[in-house]
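# Architecture at a glance
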Amino acid sequence: MQVSEQAAAEVAVRELGAFLERRREQIAQRWADAPLFRAVFTVSRDEAVEACKTVVDALADVASTGRLENIAAPGFDLAREQLGRMAASRARSGFSAAQIAEETAGLRVTVAELLRGEVRNLSADEAQEVLLALTVLMGTLSLVIMETTVNAGEELIARQRQQLLEVATPVINLWEGIVAVPLIGTLDSARSQVVMESLLESIVDQRARYAILDITGVPTVDSLVAQHLMKTVAAARLMGAECIVSGIRPAIAQTIVHLGIDLSSVLTRTSLADALAYALSQQGIEVSRATGVNQR
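Definitions and cut-offs
- Residues numbered from 1 in each chain as written.
- Predicted model: local features only at pLDDT ≥ 70, side-chain atom pairs only at ≥ 80, totals over all residues.
- Heavy atoms only, no water.
- Helix = DSSP H or I, 4+ residues; strand = E, 2+ residues; numbered from the N terminus.
- Rg over C-alpha atoms; globule rule 2.2 N^0.38 Å.
- Buried < 20%, exposed > 50% of the residue type's maximum accessible area, 1.4 Å probe, protein only.
- Contact = heavy atoms within 4.5 Å.
- Pairing = 2+ DSSP bridges.
- Axes fitted to C-alpha atoms, helices over the stretch in contact; angles between N-to-C directions.
- Parallel < 35°, antiparallel > 145°, perpendicular 65-115°, else oblique.
- Left-handed = near helix turned anticlockwise from the far one by under 90°.
- Right-handed = clockwise from strand over helix to strand, strands pointing away.
- Salt bridge = Lys/Arg side-chain N within 4 Å of Asp/Glu carboxyl O.
- Core = buried A, V, L, I, M, F, W, Y, C linked by side-chain atoms within 4.5 Å.
- Phe/Tyr/Trp six-rings, centres within 6.5 Å; stacked < 30°, edge-to-face > 60°.
- Lys NZ or Arg CZ within 6 Å of the ring centre and 35° of its normal.
- Expected span 1.5 Å × (residues − 1).
- Polar contact = N/O pair within 3.5 Å; in protein donor to acceptor, adjacent residues only side chain to side chain.

For the rest of this paragraph, the subject is the overall build of the protein. When its secondary structure is counted, the protein shows 11 helices and 5 strands. Taken against the 2.2 N^0.38 rule, which gives 19 Å for 296 residues, the C-alpha radius of gyration of the protein at 32 Å runs more than 25% over that of a compact globule. With the principal axes as the frame, the protein shows a C-alpha extent of 100 × 50 × 35 Å. Put simply, the protein has 296 residues, and 38% of those count as buried. Of the contacts formed within the protein by residues at least 6 apart in sequence, a portion of 72% connects residues at least 24 apart.

So this is what it looks like as structure tokens:
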């Protein structure tokens, strides 16, 4: 009995593959008007039709191998490249995974309508097997699309996070030969790496001799944050710049002492203004207060 069922399933898969090849043009024409394709190919419908044909050919290749449930089947590679890119575009436009899944499910409905007209000459059991094979194939295709969509979403989040880190850690050119990084918020490993890279690039670009790390906006300093600061200071020194840490508040100073963190090798100043004044004085530039103000 099992052998008979397996043989029936194999016949159904072959019928499905032949149907996809035979109805390639009709399927592509209908899919070209589906939201998933229409929203991406907004300029030329012909491009949408060609993209649809590529996907139909890919599904026919999968059917020829009989690996309908295997998302790693070679035939799915083209479908993954074409439909996955489109689904990722929809995700970047703000569509949720549920909405994309609904649009993908609509593709199966279109093919099923054509297939029902093709299997009328088959017995009820045979027709049911072919329709079941289509459901399995399109279900696997949905998994392929969702996998690509999720990966694209994760990549987008990673890029946005990197951009936020870069925006949150600007390097300011305070004076000729003096740059500063005003740090605000928690300093974790990822952000510390961005700070170090941005600072070192700025030291090279600006030919800076002094680099100021202002931690006035850092709420707490623990051993990990102190370690990141020490690494940044050491890296700046290797680039030929003297690094100054400013903005150490009394509470942070007490924390550093209680943790036993040794910052004796690091030049520190109370405020960014003090650090800037020190860097200027080291370059022979004196800053003095105005003795009077003209008043009307």
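There's plenty left to go through after this.
Summarising the element assignment, Ser192 is placed in helix 8 (residues 189-206). If sequence neighbours within four positions are ignored, Ser192 has contacts with Leu187 and His228.

This part is about the sheet that holds strand 3 (residues 210-217). Taking strand neighbours across the sheet as the criterion, the 5 strands line up as 1-2-3-4-5 in an open arrangement whose pairing is mixed. Both edges of this open sheet fall to strand 1 (172-175) and strand 5 (267-269), since each of them pairs with a single strand only. This sheet shows a mean twist of 30 degrees between the axes of neighbouring strands, independent of strand direction. In terms of strand pairing, strand 2 (residues 178-184) meets strand 3 through 6 bridges, oriented parallel.

In this section: the packing of helix 2 (residues 24-31) against helix 4 (residues 45-65). Contact geometry for helix 2 and helix 4: axes closest at 8 Å, N-to-C directions at 130 degrees. Relative to helix 4, helix 2 is oriented oblique. Considering the relative orientation of helix 2 and helix 4, their crossing is right-handed. Between helix 2, through Arg24, Glu25, Ile27, Ala28, Gln29 and Trp31, and helix 4, the contact on the second element is made entirely by Arg45, Val49, Cys52, Lys53, Val55, Val56, Asp57 and Leu59.

Below, the discussion takes up the pairing of strand 2. For strand 2, a buried count of 5 out of 7 residues is recorded, marking the element as mostly surrounded by other parts of the structure. Hairpin geometry of strand 1 and strand 2 is characterised by an intervening segment of 2 residues between the two adjacent antiparallel strands and by a positive phi of about 85 degrees at Gly177. Of the crossover connections in this fold, the one passing from strand 2 over helix 8 to the parallel strand 3 is right-handed.

A separate point is the pairing of strand 4 (residues 242-246). Across the 5 residues that make up strand 4, a large majority, 4, are buried. Note: strand 3 against strand 4, 5 bridges, orientation parallel. Within strand 4, the position partnered with Ile212 by the bridge is Ile244. Taken together, strand 3, helix 9 (residues 223-238) and strand 4 constitute a β-α-β crossover, and its handedness is right-handed. As defined by bridge partners, strand 4 adjoins strand 5 across 3 bridges and the pair is classed as parallel. Considered in strand 5, the bridge of Val245 is made with Thr268. Taking the sense of rotation as the criterion, the β-α-β connection linking strand 4, helix 10 (residues 250-259) and strand 5 turns out right-handed.

Another point: the pattern of salt bridges. When the charged atoms of two side chains lie near each other, side chains of opposite charge can form a pair. If you walk through the whole model with that rule in mind, you get 7 salt bridges. Note that Glu50 is salt-bridged to Lys53, the shortest N-O span being 3.6 Å. Taken together, the positions of Glu50 and Lys53, both in helix 4 and 3 residues apart, correspond to about one turn of that helix. Classification of Glu50 as partly exposed rests on a relative accessible area of 44%. A cluster of three or more residues bridged by salt bridges with shared partners is formed by Arg22, Arg23 and Glu118.

Leu16, Leu20, Trp31, Phe37, Leu59 and Leu83 are the most contacted members of the largest nonpolar core, which has 48 residues in total. Elements with a contribution of two residues or more to this core: helix 1 (2-22), helix 2, helix 3 (35-38), helix 4, helix 5 (76-92), helix 6 (97-118) and helix 7 (124-168). If one sorts the elements of this core by residue count, helix 4 sits on top with 11 residues. Discounting chain neighbours no more than four positions away, the residues touching Leu20 are Ile27, Val56, Leu59, Ala60, Val111 and Leu137. Judged by nonpolar contacts, the second largest core, of 30 residues, contains Leu199, Ala208, Ala235 and Val245.

So, about the packing of aromatic side chains. To describe a pair of aromatic rings, you give the distance between the ring centres and the angle between the ring planes. Applying the stated criterion across every chain yields a total of 1 aromatic pair. A cation over a ring is seen here: Arg269 above Tyr278, with NZ or CZ 4.6 Å from the ring centre.

Moving on, we get to helix 6. The end-to-end C-alpha distance of helix 6 is 32 Å, a good match for the 32 Å that 22 residues give at a rise of 1.5 Å each. The complete set of buried residues in helix 6 reads Ile100, Glu103, Thr104, Leu107, Thr110, Val111, Ala112, Leu114 and Leu115.

Below, the discussion takes up the environment of Ser246. For Ser246, the location among the structural elements is in strand 4. Not counting the four nearest positions on each side in its chain, Ser246 is found in contact with Ile212, Leu213, Asp214, Ile215, Thr216, Arg269, Thr270, Ser271, Leu272 and Ala275. Separated by 2.7 Å, the side chains of Ser246 and Asp214 make a polar contact.

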